[in-house]
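# Observations on chain architecture
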Amino acid sequence: MRTVIQRVRHASVTVEGRITGQIGPGLLVLAGFSPTDTATSLDWMARKLTQLRIFSDEEGKMNRSVQDVDGQVLVVSQFTLLADARKGNRPSYTGAAPPPIAIPLYEQFVQQLEQLLGQPVPTGEFGADMQVELLNDGPVTIVLDSPESS
């Protein structure tokens, strides 16, 4: 599993002109799943993401998590995170899980985040053509792979 985590002031995702998810201050998480991801991968990622200390404390040091600041999380599925562009000019997406595998992983990941955060986690729409808008705060952007992916 691979995620791109962005600390944001606000973010939203739109599908066919309708907003499917939006948040205020918190984290925008782009999530890509591989066929080898497991419940352990999802659990590790959800816990890491909610405990990652990338929000500033009163001294301006990144010392607080999204939980500590009562931030929100928006999750958007993005299979292109698993692209392999090492050969040629057209990326290969064979490393990404196909929808029958990826959809349950995505849904389980969102549920785990909701349980850890104690609040709903808005999302995009799996497989849709989405437009994502955000105001990156910092900017802070982190690419995080589950241990099994490394």
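Located above this text is the structure these notes cover.
All residue numbers here refer to positions counted from 1 along the written sequence of the relevant chain. Where totals are concerned, whole chains, interfaces and linings use all residues; where local detail is concerned, this predicted model gives features only for residues with pLDDT of at least 70, and gives and counts side-chain atom pairs only at 80 or more. Note: side-chain values were computed over all heavy atoms of the structure, leaving out hydrogens and water.

### Focus on the side chain of T14
- In DSSP terms, a helix is any run of H or I states spanning at least four residues, a strand is any run of E spanning at least two, and both are numbered starting from the N terminus. Residue placement: T14 occurs in strand β1 (residues 2–15).
- Burial classes follow relative accessibility: with a 1.4 Å probe on protein chains only, a residue under 20% of its type's maximum area counts as buried, one over 50% as exposed, and anything between as partly exposed. A residue is classified by how much of its surface remains accessible, and T14, at 15% relative accessible area, is buried.
- We call two residues in contact whenever any of their non-hydrogen atoms come within 4.5 Å of each other. When near neighbours in sequence (up to four residues on either side) are disregarded, T14 contacts I19, T20, D129, M130 and Q131.

### Some remarks on the nonpolar core
- The criterion is simple. A nonpolar core is a set of buried Ala, Val, Leu, Ile, Met, Phe, Trp, Tyr and Cys residues joined through side-chain atoms within 4.5 Å. Counting residues in each nonpolar core, the largest one holds 27 residues, and the members touching the most others are L27, F33, L49, V73, V75, F109 and L113.
- Within the residue set of this core, elements represented by two or more residues are β3 (26–32), α1 (39–51), β6 (72–77), α2 (99–117) and β7 (130–145).
- Among the elements that take part in this core, α2 stands out by supplying 7 residues, more than any other.
- Sequence-distant contacts of V73, defined by excluding residues within four places in its chain, comprise I23, L27, V29, L49, V66, L113, L117, V121 and P122.
- By size, the runner-up hydrophobic cluster in this structure holds 14 residues, among which are V4, I23, L81 and M130.

### A short note on α1
- One less than the residue count of a helix, multiplied by 1.5 Å, gives the span that helix is expected to have. With 13 residues, α1 should reach 18 Å at 1.5 Å per residue; the first-to-last C-alpha distance of 18 Å fits that figure.
- Three or more residues of α1 are buried, namely S41, L42, M45, A46, L49 and T50. Mapping the buried residues of α1 onto a view down its axis gives an arc of 145°, with all of them on the same face. As used here, the arc is the angular range of directions from the helix axis to the C-beta atoms.

### Brief notes about the pattern of salt bridges
- For this analysis, a salt bridge means a side-chain nitrogen from Lys or Arg found within 4 Å of a carboxyl oxygen belonging to Asp or Glu. The tally for this structure, following the rule as stated, stands at 7 salt bridges.
- Two residues, D137 and R7, come together in a salt bridge whose shortest N-O distance is 3.4 Å. Remark: R7 occurs in strand β1 and D137 occurs in strand β7; sequence separation between them is 130 residues. Each member of the pair, D137 as well as R7, carries the same accessibility label: buried.

### Observations concerning unusual backbone geometry
- Of note, the amide linkage connecting G138 to P139 takes the cis form, showing an omega dihedral of 0°.
- You can see P139 is positioned in strand β7.
- Positive phi, close to 50°, is recorded for E16, a residue that is not glycine.
- Residue placement: E16 occurs in the loop between β1 and β2 (18–23).
- Looking at E16, the relative accessible area reads 76%, which means it is exposed.

### Here we look at the side chain of R7
- Of the residues examined, R7 reaches a relative accessible area of 8% and is grouped as buried.
- Not counting residues within four places of it along the chain, the set of residues in contact with R7 comprises G26, L27, I54, F55, S56, M62, L135, N136, D137, G138 and V140.

### Looking at the layout of surface pockets
- Empty space within the largest pocket amounts to approximately 370 Å³.
- Listing elements by their share of the lining of the largest pocket, those giving two or more residues are β3, β6, α2 and β7.
- At 4 residues, the largest contribution of residues to the lining of the largest pocket is made by β3.
- A per-class count over the lining of the largest pocket returns 14 nonpolar, 6 polar and no charged. A cavity here means a set of 1 Å grid points, computed over protein atoms only, where a 1.4 Å probe fits but cannot escape. A pocket is an open set with protein on both sides within 12 Å along at least 5 of 7 lines, and lining residues have an atom within 4 Å of a point. Grid points are joined across faces, edges and corners, and a volume is the space filled by probe spheres set on the points. Each residue gets one label: Ala, Val, Leu, Ile, Met, Phe, Trp, Tyr, Cys and Pro are nonpolar, Asp, Glu, Lys and Arg are charged, and the others, such as Gly, are polar.

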